[in-house]
Amino acid sequence: MSAPQFSENDQRELGQFLEAEQAKARVQQTVHTFTDSCWDKCISKINNKLDRSEEACLTNCVDRFLDSSMFIVKRLEELRNSAM
């Protein structure tokens, strides 16, 4: 049984699809790692609901993560644009 032959266009589309799926997987892994980190930092005991300090800590942790991510993305875009 021989492997199916794909046209150059099909190969390019498949490559783009695989790149997009890998990017999604990296984002999901980053969010998972981030969630674990914030949980470990902010949650001292498991109850039915978060207390105010835990909620504030999680909010701050999420905000700092988003701020850092946006800073990195903007900086990488600046570097990419200055290299062109």
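On a predicted model such as this, the values are computed, not experimentally measured, just so you know. (Residues numbered from 1 in each chain as written. Predicted model: local features only at pLDDT ≥ 70, side-chain atom pairs only at ≥ 80, totals over all residues. Heavy atoms only, no water.)

Draft legend 1. Broad picture of the overall build of the protein. Along its length, the protein carries 2 helices and 0 strands. Here the C-alpha radius of gyration of the protein, 20 Å, is well above what a compact globule of 84 residues would show, namely 12 Å. On the principal axes, the C-alpha backbone points of the protein span a range of 60 × 45 × 15 Å. Looking at the protein as a whole, 8% of its 84 residues are labelled buried. Only carbon and sulfur atoms are counted for the fraction: they give 57% of the accessible area of the protein, which is about 7600 Å². Across the protein, the centroid of the 11 positively charged side chains sits 7 Å from that of the 14 negatively charged ones. (Helix = DSSP H or I, 4+ residues; strand = E, 2+ residues; numbered from the N terminus. Rg over C-alpha atoms; globule rule 2.2 N^0.38 Å. Buried < 20%, exposed > 50% of the residue type's maximum accessible area, 1.4 Å probe, protein only. Areas by Shrake-Rupley, 256 points an atom, 1.4 Å probe, with all protein chains shown as cover. Lys, Arg positive; Asp, Glu negative; His and termini not counted. Charge placed at Lys NZ, Arg CZ, Asp CG, Glu CD.)

Draft legend 2. Layout of the pattern of salt bridges. Tallied over the full model, the rule gives 5 salt bridges. For aspartate 51, the salt bridge identified is with lysine 45, shortest N-O distance 3.9 Å. Residue arginine 64 pairs with aspartate 67 through a salt bridge whose shortest N-O separation is 2.6 Å. A residue pair is termed a helical-turn pair when its members lie 3 or 4 positions apart in one helix, as arginine 64 and aspartate 67 do in helix α2 (residues 52-83) at 3 residues. (Salt bridge = Lys/Arg side-chain N within 4 Å of Asp/Glu carboxyl O.)

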